[in-house]
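# Understanding the architecture of this molecule
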Amino acid sequence: MTFKKFAFQLHKILGLATGIVVFIVAITGCCWAFREEIESLYDDYKKVTPQEQAILTPTEAKELAEAVLPNNTVHGTLFKKKDDAIEVIFYDAEPEFYQSVFLNPYSGEVIQVDDHLSGFFAFILKGHMRLWLPKAIGEQVVGVSILLFILIIISGFIIWIPKKRKNLKQRLKFDWKKTTRWKRKNFDLHTVTGFYICSFALIVAFTGSMISYNWLKYVVYKSTGGEKSPYFIIPENQSTLAQRNTTVPMDYLITKLSLENPEAESYELHYPTTPEESIYVEVSNSKGLYYDSDYRFFDQNTLEELETPSIYGKYSNAGFADKIQRMNYDIHIGAIGGIVGKIIAFLVSLLTATLPVTGVLLWYGRHYKKKKPLPQVKA
């Protein structure tokens, strides 16, 4: 068997084995591309009338939200601009619970409670991440299938290369006539479309695999010269001071950070889960992007700023390998390129979803050809 025939067999077998998974992951990824833009059309409740008075402190916001959802755990509180509601985020892993309480930052009034595990986009994300299966099973099926899809892309490119240069044009465009049969059209849809999107699909698949597998994230980070930890690490407090007054030091943090960086899009404060753990605040510097956020850590007793050995610290301290890791999610969803990047991600996902369909039709057409009727013999 020649190398090209081996690549063909590999492409066919893996394509048939993972086709339905690749189709679901691609079509749900396509639907996810413009989630933020679509949700912004009906989230007016997140806006308030700005007032010339102090906003709620992190402690007050937490207490008000816990009165609404007393049996669940506060993950963090998101502070944005003066005309934005405060969002208190609740999250529990088992049983899975993910909701937000939106508060008026001036009066403390509860505006709305959102369930992030219900609705259209929650349904889409569950399909994309785990095929609507139980989490432990579905995430493994998706993860393995996307790793195999990387091999499908590479083998597909190998068998796409024509033996003769004169046949190259046929692989680069749709040269259809009225007499062109559907099998030829389907072959062109698979090969021509596959060629033009293969590089983008490879990037999306690889960045998705890095999200799924920590070992792959670690390998990529170290192979690009990374020297820190690629995992998120919250440093411990450096002090053991007892609290001396009724004001929690943490309540000064948002004011302090907003004075330091008034142009920031938002400040997401995360409450310490133990007396030893520091406070961390995710400062978003760009709308719709995550990679250039600053992750800042503070001693919960003294507010002394602490350093983390992780890549998730201040973006200005990030090296080349750190930036590659931090950009991974934004590259995966196309946000790294703004609206143009999202359009590309949308189109690549949509066209990727057609490849398993046209591939199955190719396989079916080759293995289940219509048998020609035998000629009748005259007596």
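Relevant structure appears above.
Definitions and limits used
In every chain, residue numbers begin from 1 and rise along the written sequence. For a predicted model such as this one, the threshold for reporting local features is a pLDDT of at least 70, and the threshold for listing and counting side-chain atom pairs is 80 or more; totals across whole chains, interfaces and linings nevertheless cover every residue. Each side-chain value is worked out from all heavy atoms of the structure, with water and hydrogens disregarded. Secondary structure follows DSSP: runs of H or I at least 4 residues long count as helices, runs of E at least 2 residues long count as strands, and numbering of each begins at the N terminus. Here the globule rule is a power law, 2.2 Å times the number of residues to the power 0.38, and the radius of gyration is based on C-alpha atoms. We call two residues contacting when some pair of their heavy atoms lies within 4.5 Å. Only the protein chains shown count as cover for residues, and the accessible areas themselves come from Shrake-Rupley with a 1.4 Å probe. When charges are counted, neither His nor the chain ends are considered; positive counts come from Lys and Arg and negative counts from Asp and Glu. The atoms used to mark charge sites are NZ of Lys, CZ of Arg, CG of Asp and CD of Glu. For Phe, Tyr and Trp, rings pair up if their centres lie within 6.5 Å, where Trp contributes its six-membered ring, and each pair is then called stacked (planes under 30 degrees apart), edge-to-face (over 60) or tilted (otherwise). For every residue, the accessible area obtained with a 1.4 Å probe (protein chains only) is divided by the maximum for its type, and the residue is called buried under 20%, exposed over 50%, and partly exposed between those limits. We call a charge positioned above a ring when the Lys NZ or Arg CZ atom is no farther than 6 Å from the ring centre and deviates by at most 35 degrees from the ring normal. Lines fitted to C-alpha atoms define the axes here, with helix axes fitted over just the stretch in contact, and angles between the N-to-C directions of these axes take values from 0 to 180 degrees. In these notes the angle categories are as follows: under 35 degrees is roughly parallel, over 145 is roughly antiparallel, 65 to 115 is roughly perpendicular, and the rest is oblique. Here a crossing is called left-handed whenever its near helix is offset anticlockwise from the far helix by less than a right angle, and right-handed whenever the offset is clockwise. Note on residue classes: Ala, Val, Leu, Ile, Met, Phe, Trp, Tyr, Cys and Pro are nonpolar, Asp, Glu, Lys and Arg are charged, and everything else, Gly too, is polar. Put simply, a patch holds well-exposed residues, over 30% relative accessible area, that have no salt bridge, with like charges counted together within 9 Å and Val, Leu, Ile, Met, Phe, Trp or Tyr side chains within 5 Å. A pair is scored as a salt bridge if a Lys or Arg side-chain nitrogen falls within 4 Å of a carboxyl oxygen belonging to Asp or Glu. Any two strands are treated as partners once DSSP identifies two or more bridges connecting them.

## Topic: the overall build of the chain
- Helix and strand content of the chain: ten helices and eight strands.
- Its C-alpha radius of gyration of 26 Å places the chain more than 25% over the 21 Å reference for a compact globule of 379 residues.
- Each principal axis of the C-alpha distribution contributes one length, and for the chain these read about 110 × 45 × 35 Å.
- Intrachain contacts of the chain at a sequence separation of at least 6 include 59% that bridge at least 24 residues.
- Surface exposure of the chain reaches about 22,300 Å², of which carbon and sulfur atoms provide 61%.
- Here the chain contributes 43 positive and 39 negative side-chain charges, whose respective centroids are spaced 28 Å apart.

## Quick word on the packing of aromatic side chains
- Summed over the entire model, instances satisfying the criterion amount to 20 aromatic pairs.
- Ring centres 4.2 Å apart and planes at 5° place the aromatic pair Trp-160 and Phe-195 in the stacked group. Within this pair, whereas Trp-160 is found in helix 5 (residues 135-160), its partner Phe-195 is found in helix 6 (residues 182-212), the two being separated by 35 residues in sequence.
- Considering the side-chain rings of Phe-232 and Tyr-312, the 5.9 Å spacing of their centres and the 40° angle between planes classify their relative orientation as tilted. Here Tyr-312 lies in the loop between strand 8 (305-306) and helix 9 (320-333) and Phe-232 lies in the loop between helix 7 (214-223) and helix 8 (253-260), a separation of 80 residues in the sequence.
- Relative accessible area serves as the criterion here: at 35%, Phe-232 is assigned to the partly exposed category.
- Joined through ring pairs, the aromatic side chains of Phe-232, Tyr-280, Tyr-295, Phe-297 and Tyr-312 make up one cluster.
- The aromatic ring of Tyr-271 is capped on one face by Lys-62, whose charged end is 4.8 Å from the ring centroid.

## What about the environment of Lys-135?
- On the secondary structure map, Lys-135 appears in helix 5.
- A relative accessible area of 40% places Lys-135 in the partly exposed class.
- For the pair formed by Lys-135 and Leu-253, sequence separation is 118 residues and the distance between their alpha carbons is 36 Å.

## Considering the packing of helix 1 (residues 3-32) against helix 5
- Taken N-terminus to C-terminus, the directions of helix 1 and helix 5 make an angle of 140°; their axes are 8 Å apart at the nearest point. Compared by their axis directions, helix 1 and helix 5 come out oblique. Taken as a pair, helix 1 and helix 5 cross one another with a handedness that is left-handed. On helix 5, the residues touching Phe-3, Lys-4, Ala-7, Phe-8, Leu-10, His-11, Leu-14, Gly-15, Thr-18, Val-21, Val-22 and Val-25 of helix 1 are Val-141, Val-142, Ser-145, Ile-146, Leu-148, Phe-149, Leu-151, Ile-152, Ser-155, Gly-156, Ile-158 and Ile-159.
- Of the residues contributing to the contact of helix 1 with helix 5, the split by class is 17 nonpolar, six polar and one charged.

## Points about a positive patch on the surface
- A cluster of like positive charges, contributed by Lys-5, Lys-163, Lys-164 and Lys-166, occupies part of the molecular surface.
- In this structure, Lys-5 sits in helix 1.
- Look at Lys-5 and you get exposed, because its relative accessible area is 54%.

## Describing the sheet that holds strand 7 (residues 294-298)
- What the eight strands build is an open sheet, ordered 4-3-2-1-5-6-7-8; its pairing is antiparallel. A single partner strand is all that each edge strand has here, and the edge strands are strand 4 (110-115) and strand 8.
- Relative to strand 8, strand 7 runs antiparallel, the two sharing two bridges. Considered in strand 8, the bridge of Phe-298 is made with Glu-305.

## Considerations on unusual backbone geometry
- In this model, Glu-94 is joined to Pro-95 through a cis peptide bond whose omega is -15°.
- Of note, Pro-95 is situated in the loop between strand 2 (86-92) and strand 3 (97-103).
- Despite not being glycine, Leu-131 shows a phi value in the positive range, around 60°.
- Take Leu-131: it is sitting in the loop between helix 4 (120-130) and helix 5.
- Residue classification places Leu-131 among the buried residues on the basis of a relative accessible area of 13%.
- Even without glycine at this site, Leu-303 takes up a positive phi of about 65°.
- Checked against the element boundaries, Leu-303 lands in the loop between strand 7 and strand 8.

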